[in-house]
Every structure is written in structure tokens, then in C-alpha cells.
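Tertiary structure, described
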Amino acid sequence: MSQLRLLIIEDDAVFARTLARSFERRDYRVEVLNGPERLDEVADALRPDHAVVDLRLAGASGLACVERLHRRDPATRIVVLTGYASIATAVEAIKLGATNYLTKPANTDDIEAAFARTEGDAQADLSTRPTSIKTLEWEHIHQTLADTGFNVSEAARRLGLHRRTLARKLDKRHMP
């Protein structure tokens, strides 16, 4: 069997290195990028059959990376990782070609399981618990961010918030 090829696009260098080592121990050939800048060059050389993409890269959206990877090879199994989960970005990631969408923290087992899931589950539990106001607010904020290409200033304007207020909300939501 040929070695699996994995491209990790993650701006947290420590997390990316840990993830890469873990996948290398599982016999993956791994390349790591900290942003989209060299994506085409590295993807040409590696020809990845799997990819892990962080949703929020420093100054860029991981969704653009998902779209580029899927356009290059629709068979590539792409998992999006995020600390900023929302329904809006999950839907967009899947529409753009992601195989799955996981919230951080996620480990190698979680990611491999996500790579393996190729079908939806019609028996998935349908929660009857109403959505909280905080969750609705977060989803509205995240949808606005997605609509503006993750431009915080423009999203703040559309939400009627000061840019620093939105930035604080984002930082607070990111904290564990």
C-alpha cells in the first residue's frame, strides 16, 4: 500500500508540529503550511489525498484553502478544524468541498475518523433543546463574518458594533 499524503494548513506552529508528528507515526507523508501563500506549489509537489485546514489563518480564511484544494482534486479528503465553530461556516466548508468539520481541540484519532466518514447519518440524534440566545448571537456574528470574507471591520459595521467590541467578542469566544 502506498503512503498516505497529508497537507496541514495551520497557523499555530506548535499544534501543527504536534499534529504532523502524530500523523507521521501513522505512516502519513506530511507537509505543513502556516497559510495559503505556497498552497499551489506544495500541493503540486505532494499531491495530497488528505488535508487538515484551520478555519482562521492569520490574515486569511481557511475556506479559500478548502476551495482551492477541492478544485485541484475533488477526491482529497479535507477536514476543517476550528475554534470558532458555527453552522454558517460548517455549511460553507462542506459546500466548498470539505469532507468534515471539527471543533478544536481535536486529536489525530478524531481527524482520522472524520476522514473515514464518507456518508451522512440519517439516524443522527435530533436535539429538541432550543438554541440559546448566546448561540444565536454567535451564529449571526459568524455568518456576518463569513459574508464579509472574515473582514472584522466590515462585519462590525454590518452588525452595528465597534470593531474593538467585535474583536473582544471573538477573542472571548476563542478562550477555552
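For the structure itself, look to the data block above.
All of the points below concern the structure found in this document. Model, not experiment: these values are computed from the prediction.

Quick notes on the side chain of T82
- The topology assignment puts T82 in strand β6 (residues 77-82).
- You can call T82 buried: its relative accessible area is 0%.
- Setting aside its immediate chain neighbours within four residues, T82 contacts D54, L55, Y101, L102, T103 and K104.

Brief notes about the sheet that holds strand β3 (residues 50-54)
- Reading across the sheet, the five strands line up as β2-β1-β3-β6-β7 and stay open at both edges, with parallel pairing between neighbours. Across the chains shown, the open sheet's two edge strands, defined by having one partner strand only, are β2 (28-33) and β7 (100-103). Pairwise comparison of adjacent strand axes, ignoring direction, gives a mean angle of 20° for this sheet.
- Bridge analysis of β3 against β6 gives five bridges, and the strand direction is parallel. Pairing of D54 across the sheet is with L81, part of β6.
- Sheet contacts for helix α1 (residues 13-25): β1 (4-9), β2, β3 and β6; angle to β2, the most-contacted strand, approximately 170°.

Describing the packing of aromatic side chains
- Taken as a whole, this structure holds two aromatic pairs when the rule is applied.
- Consider the rings of F23 and Y28, whose centres lie 4.9 Å apart with planes at 85°: the pair is edge-to-face. When sorted by exposure, F23 lands in the same class as Y28, which is buried.
- Considering the side-chain rings of F23 and F115, the 6.4 Å spacing of their centres and the 55° angle between planes classify their relative orientation as tilted. With F23 in helix α1 and F115 in helix α5 (residues 108-116), this pair connects stretches of sequence that are 92 residues apart. Judged on exposure class, the residue F23 and its partner F115 are both buried.
- Joined through ring pairs, the aromatic side chains of F23, Y28 and F115 make up one cluster.

Notes on the environment of L55
- Position of L55 relative to the elements: it lies in the loop between β3 and β4 (56-57).
- Classification of L55 as buried rests on a relative accessible area of 1%.
- Separated by 11 residues in sequence, L55 and V66 have C-alpha atoms that sit 9.1 Å apart.
- Once residues within four sequence positions are removed from consideration, L55 is found in contact with A60, S61, G62, L63, V80, L81, T82, Y84, T89, Y101 and H142.

Here we look at α1
- The end-to-end C-alpha separation of α1 is 18 Å, in line with the 18 Å expected for 13 residues at 1.5 Å each.
- Residues of α1 that are buried include every one of A16, L19, A20, S22 and F23, and no others. Along the long axis of α1, the arc covered by the buried residues comes to 165°, so they all point the same way. Exposed residues on α1 whose side chains face more than 90 degrees from its buried face are V14 and R25.
- Looking at the buried side of α1, the elements it contacts are β1, β2, β3, β6 and α5.
- For α1, the N-terminal cap is D12; the gap from its side-chain oxygen to the backbone nitrogen of V14 is 3.2 Å.
- After α1 finishes, the residue D27 shows a positive phi value of roughly 70°.

Definitions and limits used
- Residues numbered from 1 in each chain as written.
- Predicted model: local features only at pLDDT ≥ 70, side-chain atom pairs only at ≥ 80, totals over all residues.
- Heavy atoms only, no water.
- Helix = DSSP H or I, 4+ residues; strand = E, 2+ residues; numbered from the N terminus.
- Buried < 20%, exposed > 50% of the residue type's maximum accessible area, 1.4 Å probe, protein only.
- Contact = heavy atoms within 4.5 Å.
- Pairing = 2+ DSSP bridges.
- Axes fitted to C-alpha atoms, helices over the stretch in contact; angles between N-to-C directions.
- Phe/Tyr/Trp six-rings, centres within 6.5 Å; stacked < 30°, edge-to-face > 60°.
- Expected span 1.5 Å × (residues − 1).
- Arc of directions from axis to C-beta.
- Polar contact = N/O pair within 3.5 Å; in protein donor to acceptor, adjacent residues only side chain to side chain.

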